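Observations on the model geometry
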Amino acid sequence: MFFRELPRQVMCEVRPTDIINAQTEEQATRAIANMSSSNRDLLDWALDIMSDVLYFEAENRMGLQTLCSVWAPNLLATPTVGNVDHNLYAAVSVHLPDFVGLLLMKRMRDLEE
């Protein structure tokens, strides 16, 4: 996917602990509040695409969990340089699809208004 080719991951500015601990749409939204405008614009664009796909779930059989499981690794990957806590990023990879799902549901609700 295009997002894997970017010099920096779209969600690289989000703290790993915020991804792991987010349980609500509000917590997820707060976690991305300080992203740079370029990364935030890319994330919003990706969420818009995902919302279009989810809208046609009956035709494409791409539900929320599947969609987020496919997209999430393209938005944030484990860093390959520096002092990396691999246990932390293992936990992030488990929670990231749910985190993206929270953002997607919020985005879809915002688009409906």
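To start, this report covers the structure provided alongside it. Computed from a prediction, not measured in an experiment: that's the story for all the values here. Residue indices begin from 1 for each chain and proceed along its sequence in written order. Under the rules for a predicted model, residues below a pLDDT of 70 receive no local features and side-chain atom pairs below 80 are neither given nor counted, while totals for whole chains, interfaces and linings still include all residues. Side-chain numbers here rest on the full set of heavy atoms in the structure, without hydrogens or water.

Here we take up the nonpolar core. By size, the foremost hydrophobic cluster in this structure holds 33 residues, and its most contacted members are Met 11, Leu 43, Met 50, Leu 75 and Phe 99. Secondary structure elements with two or more residues in this core: helix H1 (16-21), helix H2 (25-31), helix H3 (37-55), helix H5 (64-75) and helix H6 (86-112). Element by element, the count of residues in this core is highest for H6, at nine residues. Ignoring sequence-local partners within four residues, the contact set of Met 11 consists of Met 35, Leu 43, Leu 75, Leu 76, Leu 96, Phe 99, Val 100 and Leu 103. We call a set of buried Ala, Val, Leu, Ile, Met, Phe, Trp, Tyr and Cys residues a nonpolar core when their side-chain atoms join them within 4.5 Å. Exposure is judged per residue with a 1.4 Å probe applied to protein chains only, and the accessible area is read against the type maximum: over 50% gives exposed, under 20% gives buried, and values in between give partly exposed. Strands are runs of DSSP state E lasting at least two residues, helices are runs of H or I lasting at least four, and both sets are numbered from the N terminus onward. By definition in these notes, contact holds between two residues if any of their heavy atoms fall within 4.5 Å.

Taking 1.5 Å per residue as the helical rise, H3 with its 19 residues ought to reach 27 Å, and the 26 Å between its terminal C-alpha atoms agrees with that figure. Asn 39, Leu 43, Asp 44, Ala 46, Leu 47, Met 50, Ser 51 and Leu 54 are the residues of H3 that are buried. With its buried residues spanning 165 degrees around the axis, H3 presents them on a single face. Residues of H3 that are exposed and angled more than 90 degrees away from the buried face: Ser 37, Asp 41, Asp 52 and Tyr 55. Elements that come into contact with the buried residues of H3 comprise helix H4 (57-60), H5 and H6. The span you would expect from a helix comes to 1.5 Å times its residue count less one. This arc is taken over the directions from the axis of the helix to the C-beta atoms.

Checked against the element boundaries, Asp 44 lands in helix H3. Since its relative accessible area comes to 15%, Asp 44 is described here as buried. Residues Asp 44 and Leu 104, 60 residues apart in the sequence, show an inter-C-alpha distance of 9.1 Å.

Next up on the list: H5. Look at H5: 16 Å from first C-alpha to last across 12 residues, which is about the 16 Å you get at 1.5 Å a residue. Here H5 has its buried residues at Leu 67, Cys 68, Trp 71, Ala 72, Asn 74 and Leu 75. For H5, the buried positions fall inside an angular range of 160 degrees around the axis, keeping them on one side.

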